[in-house]
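What follows is each chain in one-letter form.
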Amino acid sequence: MSSLDPPTGSSLPRSSISGILYSAAFRSIAYQVAMAIFVLLAGYYLYSNVTENLRAQNIATGFRFLSEVSQFEIGEALIDYSSRDTYFRALLVGLFNTLAVSAVGIVVATVIGFSVGIARTSDNWLLSKLARFYVEIVRNIPVILQVIFWSVVIRNLPAPRGAFELWGAGFLSNRGLTIAMPLGHPSHFWMLIGLVAGVVLSIGAARLVRRWNEKTGKHVDSLWVSLALILGLPLLIWLASGAPLDMSVPVRTGFSFSGGSTLSPEFVALLMGISIYASGFIAEIVRSGIQATPRGQIEAAKTIGLKPWFITRYIVMPQALRVIVPPLTSQYVSLSKNSSIAVVVGYPDLVNIGNTVMNQTGQAVEAVAIMMIVYLTISVCTSLLMNFYNRLVAIKER
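Note that residues are indexed from 1 along each chain, following the sequence as it is written. It should be noted that, the model being predicted, local features are given only for residues of pLDDT at least 70 and side-chain atom pairs only at 80 or more, the latter also being counted only at that level, while totals for whole chains, interfaces and linings use all residues. For side-chain calculations, the full set of non-hydrogen atoms in the structure is used, while hydrogens and water are omitted.

> Would you mind showing me how to read the sheet that holds strand 3 (residues 176-179) here?
The strands making up a sheet associate through hydrogen bonds between their backbones, and the pairing can be parallel or antiparallel. Taken in spatial order, the four strands of this open sheet run 1-2-3-8, and their pairing is antiparallel. Looking at strand neighbours, the two that pair on one side only are strand 1 (164-165) and strand 8 (261-263), the edges of this open sheet. Pairing between two strands requires that DSSP report at least two bridges joining them. Numbering of helices and strands runs from the N terminus; a helix is a DSSP stretch of H or I covering at least four residues, while a strand is a stretch of E covering at least two. Judged from the two bridges that link them, strand 1 and strand 2 (residues 170-173) form a sheet pairing that is antiparallel. Each residue of the ladder has a partner; that of E165, found in strand 2, is F171.

> Explain the pattern of salt bridges to me, please; I cannot follow it from the model alone.
When charged atoms on two side chains of opposite charge get close, those side chains can pair. The term salt bridge refers to a pairing of a side-chain nitrogen on Lys or Arg with a carboxyl oxygen on Asp or Glu at a separation within 4 Å. Considering all chains together, one arrives at five salt bridges under this definition. A salt bridge links D85 to R89; the nearest nitrogen and oxygen atoms lie 4.0 Å apart. Burial classes: relative accessible area under 20% of the type maximum marks a residue as buried, over 50% as exposed, and values in between as partly exposed (1.4 Å probe, protein chains only). Residue D85 is classed as partly exposed on the basis of its relative accessible area of 22%. Bridged by salt links that share partners, the residues R120, E284 and R287 form one connected network.

> Looking at this structure, I do not really get the packing of aromatic side chains. What am I missing?
Any two aromatic rings considered together are summarised by their centre-to-centre distance and by the angle between their planes. What counts as a ring pair is set by centres within 6.5 Å for rings of Phe, Tyr and Trp (its six-membered ring), and what kind of pair is set by the plane angle: stacked under 30 degrees, edge-to-face over 60, tilted for all other angles. This model, assessed by the stated rule, comprises eight aromatic pairs. Centroid distance F149 to W150: 5.3 Å. Interplanar angle 75 degrees. Geometry classified as edge-to-face. A residue is classified by how much of its surface remains accessible, and F149, at 48% relative accessible area, is partly exposed. Through pairs of rings, three or more aromatic residues link up here, namely F65, F72, Y81 and Y87.

> So what exactly am I meant to see when it comes to helix 7 (residues 222-240) here?
In an α-helix, one turn spans 3.6 residues; hence positions three or four apart end up facing the same way. By this rule, a helix spans an expected 1.5 Å times one less than how many residues it contains. Over its 19 residues, helix 7 runs 26 Å from end to end, which matches the ideal 27 Å to within 8%, given 1.5 Å per residue. The reported bend at a residue is simply the angle between two axes, fitted to the 7 residues ending at it and to the 7 residues beginning with it. G232 marks where helix 7 bends most, by close to 35 degrees; the proline P234 follows one to four residues later. Those residues of helix 7 that sit buried are S222, S226, G232, P234 and W238. Contacts are assigned to residue pairs with any non-hydrogen atoms lying within 4.5 Å of each other. Buried positions along helix 7 lie against helix 6 (186-216) and helix 10 (308-338). G242 occupies a position one or two residues after helix 7 and carries a positive phi of about 95 degrees.

> Teacher, can you tell me more about the pairing of strand 2 here?
On a regular strand, one side chain projects to one face of the sheet and the next to the other, so that they alternate. Here strand 1 hands over to strand 2 after four residues, with W167 in that stretch at a positive phi of 55 degrees. As judged from the four bridges shared by strand 2 and strand 3, these two strands associate in the antiparallel manner. Each residue of the ladder has a partner; that of G170, found in strand 3, is I179. Following strand 2, the chain reverses through two residues before pairing antiparallel with strand 3.

> What's the story with the environment of R89 in this structure? I'm lost.
Within the element layout of this structure, R89 appears in helix 3 (residues 87-120). Taking the C-alpha atoms as reference, R89 lies 48 Å from Y314; in sequence the two are 225 residues apart. The residues touching R89, leaving out its near neighbours within four places in the chain, are I79, D80 and Y81.

> I would appreciate a short explanation of the pairing of strand 3 in the present structure.
Here three bridges tie strand 3 to strand 8, and the two strands are oriented antiparallel to one another. Considered in strand 8, the bridge of T178 is made with T262.

> Help me out: how do you make sense of unusual backbone geometry in this one?
Trans is the common state for peptide bonds, and a negative phi is the common state for residues other than glycine. Phi at Q71 is positive, roughly 65 degrees, even though this residue is not glycine. Position of Q71 among the secondary structure elements: in the loop between helix 2 (24-56) and helix 3.

> Looking at this structure, how should I read the nonpolar core?
A general feature of soluble globular proteins is that nonpolar side chains tend to end up buried together. Grouping buried Ala, Val, Leu, Ile, Met, Phe, Trp, Tyr and Cys residues that are joined through side-chain atoms within 4.5 Å yields what is termed a nonpolar core. The biggest cluster of nonpolar side chains holds 32 residues, and the ones touching the most others in it are V101, V147, L270, I274 and Y347. Elements supplying a minimum of two residues to this core: helix 3, helix 5 (143-155), helix 8 (265-291), helix 9 (295-303) and helix 10. Once you skip the residues sitting within four places of it in the chain, V147 turns out to touch A269, L270, G273, I274, I341, V344 and V345. Formed by 18 residues, the second largest nonpolar core is a distinct cluster that contains F65, F72, V374 and I378.

> Can you walk me through a nonpolar patch on the surface in this structure?
A surface patch of nonpolar side chains, about 730 Å² in accessible area, is lined by F133, I137, I141, I144, L145, I148, V152, V343 and V344. Taken together, the elements giving at least two residues each to the nonpolar patch come down to helix 4 (125-139) and helix 5. If you tally residues by element for the nonpolar patch, the top one is helix 5, at four residues. One can find I137 in helix 4. For I137, a relative accessible area of 39% gives the class partly exposed. For patch building, the residue pool is restricted to those with more than 30% relative accessible area and no salt bridge; the joining distance is 9 Å between like charges and 5 Å between nonpolar side chains (Val, Leu, Ile, Met, Phe, Trp, Tyr). Working definition of accessibility: Shrake-Rupley area with a 1.4 Å probe, residue cover restricted to the visible protein chains.

Take a look at the structure:
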């Protein structure tokens, strides 16, 4: 009797069982189940091995240490913190510091990268060569060296008495970047809510305008509608609250500054290093996206008398974004992960504070696991947001 013969009383014929066993779908599922079992067993073996070794060295395991008092200060924090707070709050400070430098770095890198990328495609020979020189320099120097370079530069700037004045808006010195800041006002929170609402409404308005254009054949530019919603709502809230203009402007006071807000030298050095490094790659992404647009379409648009801004807005950019957005997402994720270089300049990001927690508690596995999970979450959230934006700007096939 063959091993493939069905058991006595089975309703399935031999050919049916053979077909299932040798089908591509069954083998695919079987391979995946086997791989999942292998991964689970390997993970369990590693966990058991680590736990046993830690127990042999009388090192406690688990996350109970997060509720213990940290007993160390943090020089720069976006939330209230003292040495009497827990390790959990210390790691939370590091998380917020990491998110802050990553978010600002993404904005700075995007502005510089898009500007340089557009300059790379310019017909102006000098501008194009200067942009290419910039890209070749920043892309071929390791990011950690760039962070150290900017740290050295900032540390060797003049003291506050001889600080560089930034057109009345702040000062640049060896203490960092001191800038004017608006004084706290209840309307600022509602302006932020208005900005978020304006962005959401502008997305919906852009879709409605596009459907109107396709249905009627008449052109309505959704850009002005979107700008009116994004900028108009916060402006209306600001006007309705009495248009508060109170600013805290920094002034020199002896050996320091009073007023305004100061960004530490460590923050500025890290920000400059990771954002400039990423801007070189973003510039090449933008250049390749623009040059991916067929020249014949641009020439055809010019021959029928379309204006340059119209060609850029509706012919070049929709096709360029299809090429730009996916690799741009990768650069944003890389920039967020590069913020961990903060440890070399002393900026208290998540990795820096995590190392301190690890050294004090001996909970190396747990501390590293927390850092890995946080960076994984940041990367996944960045990818999801960029994929959502990619779907919004994707060219819809009819």
